[in-house]
Amino acid sequence: MDTVRIAVIGAGVIGLSTAVCISKLVPGCSITVISDKFTPDTTSDVAAGMLIPHIYPDTPIHTLKQWFRETFDHLSTIACSAEAVDAGVHLVSGWQIFRSVPTEEVPFWADVVLGFRKMTEAELKKFPQHVFGQAFTTLKCETSAYLRWLEKRFSLKINHGNPWFPRCKASNCRWLRFEAVMFVRQIIASLLFPCFCPFPGSD
């Protein structure tokens, strides 16, 4: 049987994550990542964020919670492993503060993160412009490190130890033929929440 050839369009965190997942799901396939830019020049390279989910009106809450729990568990495994530093994934504790009391004081993801609780009056006094807050521990992903870690994993998985990374500049790929093409967006899903304030002294 001929080797299945798959192209992944996009070399940001979603693109490389997709390539790694496909390499696990389709053993023996040939995967090429196609993009106009690769690390350290992607949008993902200048991003980092806290893992906190958003609500999307067209997506059921139970589905959002499932996605968040799976992502949290996946990143937690990395954060607790010997590869945490190389991957740029670690736990971080902080506050999420509000100028008005939110409709849901306890969000749907409260039992997924660690140590979720409402902020005390003493804690809120540090933020006189705000009237409500939540404290919890979640995960932080430094994507410039995470991209390099994904590239390494992808290369070792596909090439059995050969450090060559199968990628191609978009302008040079017109002659290539693939059985499947995966288009991905170079964004970090459900990260970057602007009012998340790390505890003083935390990393």
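Residues numbered from 1 in each chain as written. Predicted model: local features only at pLDDT ≥ 70, side-chain atom pairs only at ≥ 80, totals over all residues. Heavy atoms only, no water.

1. A few points about the overall build of the protein
So, step 1. A count of helical and extended segments in the protein gives 5 helices and 9 strands.
So, step 2. Reading the protein from its N end, one meets helices and strands in the order β-α-β-β-α-α-β-β-α-β-α-β-β-β.
So, step 3. Within the protein, the proportion of its 203 residues that are buried is 45%.
So, step 4. Long-range contacts, defined here as pairs at least 24 residues apart, represent 78% of the contacts in the protein between residues at least 6 apart.
So, step 5. Taken as a whole, the protein presents about 11700 Å² of accessible surface, with 57% of it coming from carbon and sulfur. (Helix = DSSP H or I, 4+ residues; strand = E, 2+ residues; numbered from the N terminus. Buried < 20%, exposed > 50% of the residue type's maximum accessible area, 1.4 Å probe, protein only. Contact = heavy atoms within 4.5 Å. Areas by Shrake-Rupley, 256 points an atom, 1.4 Å probe, with all protein chains shown as cover.)

2. Some remarks on helix 2 (residues 61-79)
So, step 1. For helix 2, with 19 residues, the first-to-last C-alpha span of 26 Å sits near the 27 Å given by 1.5 Å per residue.
So, step 2. All of the buried residues in helix 2 are Thr-63, Leu-64, Phe-68, Phe-72, Leu-75, Ser-76, Ile-78 and Ala-79. (Expected span 1.5 Å × (residues − 1).)

3. Things to note about the layout of surface pockets
Which parts of space are left empty comes out when a probe the size of a water molecule is rolled across the atoms.
So, step 1. Estimates place the volume of the second largest pocket at around 200 Å³.
So, step 2. Lining the second largest pocket are 13 residues, with Pro-53, Ile-55, Gln-96, Pro-107 and Trp-109 positioned closest to its centre.
So, step 3. Looking at the lining of the second largest pocket, its residues break down into 9 nonpolar, 3 polar and 1 charged. (1 Å grid on protein atoms, 1.4 Å probe; cavity = no way out; pocket = protein on both sides within 12 Å on 5 of 7 lines; lining within 4 Å. Points joined across faces, edges and corners; volume = space filled by probe spheres on them. Nonpolar A, V, L, I, M, F, W, Y, C, P; charged D, E, K, R; others polar.)

4. A word on the environment of Ile-61
So, step 1. By the secondary structure assignment, Ile-61 is in helix 2.
So, step 2. Residues Ile-61 and Trp-109, spaced 48 residues apart in sequence, show a C-alpha to C-alpha distance of 9.5 Å.
So, step 3. Those residues within four positions of Ile-61 in sequence are excluded, and the remaining contacts are Ile-55 and Phe-108.

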